[in-house]
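Architecture and fold: a report
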Amino acid sequence: MFLYEENRCSMTYMYEYPEYLKIKLPKKTARRYPAYELYLYGEGNYAEENKNLLLTGIPVLFLPGNAGSYKQVRSLGSIALRKAEDVDFKYHFNFFSVNFNEELVALYGGSLQRQTKFVHECIKVILKLYRDQEFAPSSVTIVGHSMGGLVARALLTLKNFKPELINLLITQATPHIAPVMPLDRYLTDFYTAVNNHWILNAQDLRNLTTLSVAGGFRDYQVRSGLAFLPRLSQHDSALSVVSSAVPRAWASTDHLSIVWCKELILATIRAFFDLIDENTRQITEDPKKRMSVLNHHFVRHPAKMFEENPEAFTNLTGAFMWITVKGSKWTYSVYNDSDGKYFAFPLASHRKSYSHVYCENSMLDTSSWIFGCMNTNSSMCLEAADLSWRAELLPTTKVVMLKLLDYPSLSHIVIQVPPAAGNKYTLGCEFFKEDSRTVQLPVTHLFSFGLSSSKILLNSTGLLYNVQLQHFNQIYQAFKISIDSHCQSLKERKPSVYRLHIPWSYEDSITVAKVPSLAEISAKLHIAQPHNDSSLAELIIYSSPDCQYEVILKTSLLQVLGQIVRFHADAFPVYIVSNILLTYGGQLSTLRSTGQCSDFSLELVRAAKPYKVEPLISIVVFLQGFNWFREIWESLSLPEVDAAVLSSQDAWFPLVSLILFLFGTGIAYWSGVFFSTSLRLFSSLWLTLIRPTEFEKDKLITPRRLCGMISLALVSWTTCGAFAVLIIYLQYLFKVVKLHVTVKAEQNMHNRDSGHSKETSQNSSTHTVKAQSSVDSIPEATQSPSNSKTLAEAVNSLKMHITILNLFTWIVLLNLPSLIYWLKNLRYNVRLDPDPCRSTAVILVCILEILMNSSSSEVKSSKLLKIAAKVPLPLSVAMLAFGRMHLYRVPHFVTFSLLLHVLCCFV
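Residues numbered from 1 in each chain as written. Predicted model: local features only at pLDDT ≥ 70, side-chain atom pairs only at ≥ 80, totals over all residues. Heavy atoms only, no water.

Regarding its fold elements, the protein presents 25 helices and 30 strands. Counting every position in the protein, which comprises 907 residues, the buried fraction comes to 56%. Intrachain contacts of the protein at a sequence separation of at least 6 include 81% that bridge at least 24 residues. Measuring between centres, the 85 positive side-chain charges of the protein sit 6 Å from its 74 negative side-chain charges. (Helix = DSSP H or I, 4+ residues; strand = E, 2+ residues; numbered from the N terminus. Buried < 20%, exposed > 50% of the residue type's maximum accessible area, 1.4 Å probe, protein only. Contact = heavy atoms within 4.5 Å. Lys, Arg positive; Asp, Glu negative; His and termini not counted. Charge placed at Lys NZ, Arg CZ, Asp CG, Glu CD.)

Listed below in structure tokens is the structure:
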């Protein structure tokens, strides 16, 4: 965030027109879930053949995510079809997709349980389609994008669900840990139930293989840290990776492109075909093989085709020339060589002087190329161990590094160079001591603000350097690493590869740069280092010999702020509302002490201070570290402070709350400016079209308003609470605009009268200069006492109403997703069920119906004003303590404060 990263994904294209065949569901299922559908993907002749639903393939079910379309399955389906054509349809996959009516399930959790139960019904329907086939499947593979992956995991929580119905689950950019925006308790409760089930029943889920692929830093909607499966559930059959670390992809994806990124889709489809059991012609039932395949394609690719049980030894045959290499460094360029060669490196002479051997090969084919000879005294061997499985594929080369102590039985390392017809590639090997190629670089402090730097100079004489980044282990750290390469000669060289390796999670990133060049790398973390992990993040430089590399590391303040926004943007509404609530309390306090309501912007600057709220929260978090305090806290049935939860997840540090509070203050200030400007524009437009009315003293409650209140309460209870909230909000907005128009008209009239009075007094000869001076010095408000007093009260009321409207706007925004969901499903059901804001809406309707007709004069004389003015401060503290990870609690705090305001109008 705050740093643009280009999209390096290729688009997937269909070679034939995609078709989606709707699968007929049982009447009971269709009646119970009228908004949901099941489709089968097809193209061209394949789609025509499947219309009779005589399916013989392997079933895969795609689940779209938040507002996702069932048509997003086409990338997977199309590439799988092309792959099946390559093997003459010996194996093929049938891709099904669920239509969830593009529901906003990331923001409204009321339908997640319904979606989960519908997917269960779909799995049963899909398996029935294969019932009479020779190789009938007993399980379904699921691919879930975004919230679709969470729905797939939730299947295991259903009482009647049989775990053996799914044996492979792949999730794409799914927020597994917590919701991105916890806007209702149904969402947070659903997450708690799913994650608790997976943690408590981890042993029972070993037969289900799960792969979670995160999008990386390009995904601004779901940060990759949320997409990692809960740590306690990471047993032998669960794997979490970031797309930038996936071999042959090496690209970060945004939240939508992860479903069509060609490089990722190819890795997925290759894994699918490697997972097929030749005997059953279905996905293998062996969990170990499933994990081996996924590790092969998504973690470490050895540049070889997957083999379940590769041969331990291979015969080195052929009329190849054997050449012994005794030096510690060796490079060889191949171009149109007609003869094959074996280069043998005796290890006996190197074991005492060196600890490791490193080899690289720029020929990116899948054949074996490096071997180990066992205890032979001759310069050649006929049988050798295939060490190519120890290799790793990089964008421009394949590399292997072996620790000599791990291979005591090897006498030789052998590099095979087959005849090259028109091919040009290079190979290289070197022996070295690990200490000589490892350097440590301490990272700069957070508060260096990029003014200082750490640097090292590497005079490369080898092929590999490992730069250990000391003290780089927290998510709020962010650095810009510049690598400047210079070479002694201008000859053409292979590109250098820079790899940022994070050993405690699969989130590596790879940069390829020409030599010589200046490359810049952004170093940030998705997951903080676990407390029980002592490993160091590393910058691995796959270098060119005889080149010099200067590595400069600086703290990037802009990217640090970007990390804070990435990890805590969901808490912005809490801090904004907290600032507005403090301002509201300050206005009530000023009204009580001076009789005048202060302006919103001025009061925000005066009242919204972080030292009023943050210290108390920090003290409570500190005390919760003691058992006695925690016991007292739990005995009071108080929820855990959100900051403590975030600290336990390594997503919190002391200054982040201050920064978020300042962000909230700025947004609250500009929202106030926006409100004031909008009201001026609306009132100006109103004055040009409609004649303003005079001030009228309204009663707080009339029979007509009582009927309106009851009507809106019924609307809330029988349809959608957010809809009733929106209606009362628009009524309130209309009232405030009308009041603003009236005040502006009165002020204009007073200004005209004042100007006319001054002009008359200047033309009169009966007034003395002293009298004239005394008239000019009288304020406008004193020229017409009754009208001026009424105008002053109206101005005070207007300022108070603008602040309340500002508060209420955020309540409307937080409840907007449930309103959108209700509107989209209105044709299926008039009543939103469950409704996260039904009871709150009834209370708000009653409160705002009274408040919109109140004035500051009624509040000013109230006995409860002192309490009402002091309550917003503790409410703001409670909101920041318990609302950061539970946004649905914010309206409750605001509602309580407004309820006291209503009581002030009567008492």
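Let's shift gears to the pairing of strand E2 (residues 37-43). For E2, the tally of buried residues reaches 7 of 7 residues, placing the bulk of the element in the interior. Here E2 shows two buried faces, one formed by Glu-37, Tyr-39, Tyr-41 and Glu-43 and the other by Leu-38, Leu-40 and Gly-42. Pairing analysis gives 5 bridges linking strand E1 (residues 18-22) to E2, with the strands arranged antiparallel. By the bridge assignment, Pro-18 is partnered in E2 with Glu-43. Both E2 and strand E4 (residues 93-99) contribute to a ladder of 4 bridges, which runs antiparallel. Across the sheet, residue Leu-40 finds its bridge partner in E4, namely Phe-96. (Pairing = 2+ DSSP bridges.)

Here we have 8 strands laid out as an open sheet, ordered E1-E2-E4-E3-E5-E6-E7-E8, and mixed in their pairing. Edge positions in the sheet fall to E1 and strand E8 (238-242), since each of these pairs with one other strand and no more. With direction set aside, neighbouring strand axes in the sheet form an average angle of 25°. Two elements, strand E5 (residues 140-145) and strand E6 (residues 166-172), share 6 bridges in a ladder whose sense is parallel. By the bridge assignment for E6, Thr-141 is matched with Leu-168. The sheet strands contacting helix H4 (residues 112-129) are E2, strand E3 (58-63), E4, E5 and E6, and the helix crosses E3 at an angle near 160°. Relative to E5, helix H5 (residues 147-154) is tilted by about 140°, and along the sheet it contacts E3, E5 and E6. (Axes fitted to C-alpha atoms, helices over the stretch in contact; angles between N-to-C directions.)

What follows deals with a positive patch on the surface. Positive charge collects at one region of the surface, where Lys-24, Lys-27, Lys-28, Arg-31, Arg-32 and Lys-117 lie side by side. Note on placement: Lys-24 falls in the loop between E1 and helix H1 (27-32). Residue classification places Lys-24 among the exposed residues on the basis of a relative accessible area of 74%. (Patch = residues over 30% accessible without salt bridge, like charges linked within 9 Å, V, L, I, M, F, W, Y side chains within 5 Å. Areas by Shrake-Rupley, 256 points an atom, 1.4 Å probe, with all protein chains shown as cover. Salt bridge = Lys/Arg side-chain N within 4 Å of Asp/Glu carboxyl O.)

Moving on to the packing of helix H11 (residues 572-594) against helix H16 (residues 656-689). For the pair H11 and H16, interaxial distance at closest approach is 8 Å and the crossing angle is 65°. When you trace H11 past H16, the crossing you get is right-handed. Contact residues: H11 offers Phe-572, Tyr-575, Ile-576, Ser-578, Asn-579, Ile-580 and Leu-582, while H16 offers Ser-657, Leu-660, Phe-661, Phe-663, Gly-664, Thr-665, Ile-667 and Ala-668. For the contact of H11 with H16, the class distribution of residues is 10 nonpolar, 5 polar and no charged. (Left-handed = near helix turned anticlockwise from the far one by under 90°. Nonpolar A, V, L, I, M, F, W, Y, C, P; charged D, E, K, R; others polar.)

Tallied over the full model, the rule gives 4 disulfides. Shown here is the disulfide that connects Cys-359 with Cys-429, its sulfur atoms set 2.0 Å apart. An S-S torsion of about 115° defines the bridge between Cys-359 and Cys-429 as right-handed. Highlighted residues: Cys-359 in strand E15 (residues 356-361) and Cys-429 in strand E21 (residues 424-432), separated in sequence by 70 residues. With respect to class, Cys-359 is no different from Cys-429; both count as buried. Each sulfur in the disulfide pair Cys-373 and Cys-381 lies 1.8 Å from the other. Cys-381 shares its class with Cys-373; the two are buried. Sequence-ordered numbering of the bonded cysteines in the protein gives a disulfide pattern of 1-2, 3-6, 4-5, 7-8. (Disulfide = S-S within 2.5 Å.)

Right, let's get into the pattern of salt bridges. This structure, assessed with the given rule, holds 19 salt bridges. With its nearest N and O atoms 3.1 Å apart, the salt bridge here joins Asp-508 to Arg-499. Given the relative accessible area of 10%, Arg-499 is considered buried. When the shortest N-O distance is used, the salt bridge between Glu-614 and Arg-884 registers 3.9 Å. One end of the pair, Glu-614, is in helix H13 (residues 614-623); the other, Arg-884, is in the loop between helix H24 (872-882) and helix H25 (890-904), with 270 residues separating them in the sequence. Each of the two residues, Glu-614 as well as Arg-884, counts as buried. When salt bridges with common partners are traced through the structure, they connect Glu-16, Glu-43, Arg-82 and Glu-85 into a single cluster.

Okay, helix H6 (residues 185-200) next. Counted at 1.5 Å a residue, the expected span for H6 with its 16 residues is 22 Å, and the 22 Å between its end C-alpha atoms agrees. The set of residues buried in H6 consists of Tyr-186, Leu-187, Thr-188, Phe-190, Tyr-191, Val-194, Asn-195 and Trp-198. For H6, the elements touching its buried residues are H4, H5, E6 and strand E7 (209-214). (Expected span 1.5 Å × (residues − 1).)

Overall, mixed pairing links the 5 strands, which are arranged E22-E24-E29-E26-E27 in an open sheet. Of all strands in the sheet, those with a lone pairing partner are strand E22 (438-442) and strand E27 (509-513), marking the two edges. Taken pair by pair, the neighbouring strands of this sheet meet at an average axis angle of 20°, ignoring direction. Looking at chain direction, E22 and strand E24 (residues 464-470) are connected through 5 bridges and run parallel. Bridge assignment links Thr-438 to a residue of E24, and that residue is Asn-466.

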